[in-house]
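# Breakdown of the fold
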Amino acid sequence: MMDWLNSKKPVKLLLVLVICFFSFKYFRSIYHFKYYSAYTIGKFTHFKYQNASTYAMYEFYVDNKKIEGATYDRGNIDQFLVNKYFKVRYSSKNPEINEILLDEMITDPKAVEAAGFKLKSKIE
């Protein structure tokens, strides 16, 4: 037993399991986006810093339920995008599977309000 633990087999097994886990998550997303894609509008809310990684955080509504999402920032997301609205693709079967489309900014206030967001009026 100790020979097996001292060998490289546990490391290889762990590596295979990690690869399988991330492959499953990736292909699950591909499957859901292919067969259950739905679109709405989401708001880019802030950046979140975790360890050495940066994530762009966003939120959107599905059936009046707020869903929060995150996308990994590879250094190409500008700070001026915070508090702006973008198209979001999500799985109609499982809205937790989602992605924000940062190349599709939404500027129509009526569309933003129809997506469930409350905009401040200029009078307030």
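Conventions and cut-offs
- Residues numbered from 1 in each chain as written.
- Predicted model: local features only at pLDDT ≥ 70, side-chain atom pairs only at ≥ 80, totals over all residues.
- Heavy atoms only, no water.
- Helix = DSSP H or I, 4+ residues; strand = E, 2+ residues; numbered from the N terminus.
- Contact = heavy atoms within 4.5 Å.
- pLDDT = per-residue confidence, 0-100.
- Core = buried A, V, L, I, M, F, W, Y, C linked by side-chain atoms within 4.5 Å.
- Buried < 20%, exposed > 50% of the residue type's maximum accessible area, 1.4 Å probe, protein only.
- Pairing = 2+ DSSP bridges.
- Axes fitted to C-alpha atoms, helices over the stretch in contact; angles between N-to-C directions.
- Salt bridge = Lys/Arg side-chain N within 4 Å of Asp/Glu carboxyl O.

## Notes on the environment of glutamate 68
Considering the arrangement of structural elements, one finds glutamate 68 in strand 3 (residues 65–72). Residues glutamate 68 and lysine 43, 25 residues apart in the sequence, show an inter-C-alpha distance of 9.6 Å. Other than its neighbours up to four places away in sequence, glutamate 68 contacts Tyr58, Glu59 and Asn98.

## What to know about the confidence of the model for the protein
Averaged over every residue, the pLDDT of the protein is 87; the share at 70 or more is 91%. Ranking the elements of the protein by mean pLDDT puts helix 1 (residues 2–6) last with 59 and strand 4 (residues 85–91) first with 96.

## Regarding the nonpolar core
Proteins that are soluble and globular tend to have nonpolar side chains buried together. Core analysis: the largest hydrophobic core is formed by 15 residues, its most contacted members being Phe44, Phe47, Phe60, Ile77 and Ile100. Counting residues per element, the ones that place at least two in this core are strand 1 (37–50), strand 2 (53–62) and strand 4. With 4 residues, strand 2 is the single largest residue contributor to this core. For phenylalanine 60, the residues in contact, after removing those within four places along its chain, are Thr40, Ile41, Gly42, Lys65, Lys66, Ile67, Val88, Tyr90, Pro95, Asn98 and Phe117.

## Brief notes about the pairing of strand 3
The sheet contact formed by strand 2 and strand 3 spans 8 bridges and is antiparallel. Its bridge partner being in strand 3, tyrosine 55 is matched across the sheet by tyrosine 72. Hairpin connection, strand 2 to strand 3: the antiparallel pair is bridged by 2 residues, and aspartate 63 has positive phi, about 50°.

## Side note on the sheet that holds strand 4
Strand order in the open sheet formed by 5 strands is 3-2-1-4-5, with antiparallel pairing between adjacent strands. Looking at strand neighbours, the two that pair on one side only are strand 3 and strand 5 (98–106), the edges of this open sheet. The sheet shows a mean angle of 40° between the axes of neighbouring strands, taken without regard to direction. Pairing of strand 4 with strand 5, which is carried by 6 bridges, proceeds in the antiparallel orientation. In the strand pairing of strand 5, arginine 89 is matched with glutamate 99.

## Comments concerning the pattern of salt bridges
Counted by the stated rule, this structure contains 3 salt bridges. Taking the shortest distance from any N to any O, the salt bridge between glutamate 104 and lysine 87 comes out at 3.5 Å. Highlighted residues: glutamate 104 in strand 5 and lysine 87 in strand 4, separated in sequence by 17 residues. Judged by relative accessible area, which is 27%, lysine 87 ranks as partly exposed. Two residues, glutamate 99 and arginine 89, come together in a salt bridge whose shortest N-O distance is 2.3 Å.

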